[in-house]
Amino acid sequence: MKDTDVIVLEEPRLSLGDQFYLPQVLIGLGTTLRHMFDVVVRDKHKVIQYPEEKREDLPVERGGMALRTYRGVHRLNKDEEGRVKCVACFMCSTACPAHCIHIEAGESPWADREKYPVKFDLDELRCIYCGMCEEACPCDAIELTHEYDIIGLTRQEMIFDKSKLLQVFDETVEKEPM
Ligand code: SF4
Ligand code: SF4
């Protein structure tokens, strides 16, 4: 390694105020008091009694535009003929940082594509809901919905297979069109 490849970082010098940490503590206390005022005086409660109450104000719209900003459980989309849109290209599983997508490709029974997913498993417990799979997909086959209240009593139940992911599509397509 050459000397020019080495970058020496200087430790930043703290100002006198920084060394006391008091301004930062007071700023933090101010934030806490502001939230307390909102809850106690302005009655702006942020706590909901889940699961009896559901959150309806998910961040889906901003500036009048419907933006998909909340990322919940996945679905596999279907095309107009009701077939799975996925062409088993493996882009999503390659992009997935949590390695939670497992695909087995097979020869497509349809003339308009070469492959389709014989198996498509997604581990919803391992997923970090980053949305990279959705971004990577070249044919909008995988999407993250706004559904967040999914439960399973075993780990196995939380590994969504192809039929379950297609079922999520059927259940959500009306309120969340592609
Ligand atoms: S949301 Fe992120 S972690 Fe989850 S399956 Fe997609 S790419 Fe993987
Ligand atoms: S869901 Fe999309 S990115 Fe993933 S294998 Fe299917 S077509 Fe490719």
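Residues numbered from 1 in each chain as written. Chains lettered and ligands numbered in written order. Predicted model: local features only at pLDDT ≥ 70, side-chain atom pairs only at ≥ 80, totals over all residues. Heavy atoms only, no water.

### With respect to the nonpolar core
We count it as follows: Throughout this description, the term nonpolar core refers to a set of buried Ala, Val, Leu, Ile, Met, Phe, Trp, Tyr and Cys residues connected via side-chain atoms within 4.5 Å. Burial classes: relative accessible area under 20% of the type maximum marks a residue as buried, over 50% as exposed, and values in between as partly exposed (1.4 Å probe, protein chains only). Contact between two residues is taken to exist if any of their heavy atoms lie within 4.5 Å; hydrogens are not considered.
Of all hydrophobic cores here, the largest spans 23 residues; its most connected members are Leu76, Cys92, Ile101, Phe120, Leu122 and Ile142. With residues up to four places along the chain from it excluded, the contact list for Leu76 reads Val84, Cys86, Phe120, Ala141, Ile142, Lys162, Leu165, Leu166 and Phe169.

### Brief notes about the sheet that holds strand β4 (residues 101-107)
Here is the rule we go by: Here, a strand pair is defined by DSSP locating no fewer than two bridges between the strands. The way it works is that DSSP assigns letters per residue, a run of H or I at least four long becomes a helix, a run of E at least two long becomes a strand, and they are numbered from the N terminus. Lines fitted to C-alpha atoms define the axes here, with helix axes fitted over just the stretch in contact, and angles between the N-to-C directions of these axes take values from 0 to 180 degrees.
Strand order in the open sheet made by the three strands is β4-β5-β7, with antiparallel pairing throughout. A strand with exactly one partner marks an edge of an open sheet, and here the two such strands are β4 and β7 (159-160). As paired elements, strand β5 (residues 115-123) and β7 share two bridges and run antiparallel to each other. What sits directly across from Asp123, in β7, is Ile159. Relative to the sheet, helix α5 (residues 162-172) contacts β5 and β7, its axis offset from that of β5 by approximately 85°.

### Let's talk about the environment of Cys96
By the element assignment, Cys96 lies in the loop between α3 (91-95) and β4. The class of Cys96 is buried, set by a relative accessible area of 8%. Distance from Cys96 to Cys127, taken between C-alpha atoms, is 8.6 Å for residues 31 residues apart in sequence.

### Focus: the packing of aromatic side chains
Rule in force here: Any pair of Phe, Tyr and Trp rings, taking the six-membered ring for Trp, is counted once the centres come within 6.5 Å. Such a pair is stacked with planes under 30 degrees apart, edge-to-face with planes over 60 apart, and tilted for the rest. Note on criteria: charge over ring means Lys NZ or Arg CZ within 6 Å of the ring centre, with the direction from the centre no more than 35 degrees off the ring normal.
A full pass over the atoms with the stated rule returns three aromatic pairs. Summarising the aromatic geometry, the rings of Tyr70 and Tyr148 are spaced 6.4 Å apart at their centres and angled 80° between planes, so their arrangement reads as edge-to-face. Of this pair, Tyr70 sits in the loop between β2 (65-66) and β3 (74-76) while Tyr148 sits in the loop between β6 (142-144) and β7, and the two are 78 residues apart along the sequence. Taking the centre distance of 5.5 Å and the plane angle of 75° together, the rings of Trp110 and Tyr116 count as edge-to-face. Every member of this aromatic cluster is reached through a ring pair, and the members are Tyr50, Tyr70 and Tyr148. One cation-aromatic arrangement involves Arg83 over Trp110; the distance from NZ or CZ to the ring centre is 5.1 Å.

### Description of the site of ligand 1
The line we're drawing: Residue proximity to a molecule or strand is established when one non-hydrogen atom of the residue lies within 4 Å of it. In this count, Pro and Cys sit with the nonpolar residues alongside Ala, Val, Leu, Ile, Met, Phe, Trp and Tyr, while Asp, Glu, Lys and Arg are called charged and the others, Gly among them, polar.
Of all residues adjacent to ligand 1, which total 13 residues, the nearest are Cys96, Cys127, Cys130, Gly131 and Cys133. Partitioning the shell around ligand 1 into residue classes produces eleven nonpolar, two polar and no charged.

### Points about α5
The following threshold applies: Taken from the helix axis, the directions to the C-beta atoms give the arc we talk about.
Of all the positions in α5, only Lys162, Leu165, Leu166, Val168, Phe169 and Thr172 are classed as buried. All buried residues of α5 fall inside an arc of 150° around its axis, so they share one side.

### Brief notes about the pairing of β5
As defined by bridge partners, β4 adjoins β5 across seven bridges and the pair is classed as antiparallel. Paired with Gly106 across the bridge in β5 is Tyr116.

### Focus: the site of ligand 2
Taken together, 14 residues are adjacent to ligand 2, and Cys86, Cys89, Phe90, Cys92 and Cys137 come closest. When its residues are assigned to classes, the shell around ligand 2 shows 14 nonpolar, no polar and no charged.

### Section: unusual backbone geometry
In this structure, Pro51 follows Tyr50 across a cis peptide bond, with omega equal to 10°. Mapped onto the elements, Pro51 comes out in the loop between α2 (22-40) and β1 (61-62). Of note, the phi angle at Ala88 is positive, near 55°, even though the residue is not glycine. Turning to its location among the elements, Ala88 is positioned in the loop between β3 and α3.

### Some thoughts on the side chain of Asp79
The criterion, for reference: For this analysis, a polar contact is any N or O atom pair within 3.5 Å, provided that within protein one partner can donate a hydrogen and the other can accept it, and provided that sequence-adjacent residues contribute only side-chain to side-chain pairs.
Its place among the elements puts Asp79 in the loop between β3 and α3. A polar contact is formed between the side chain of Asp79 and the backbone nitrogen of Glu81, at a distance of 3.0 Å. Residues within four places of Asp79 in sequence aside, it is in contact with Lys85 and Arg113.

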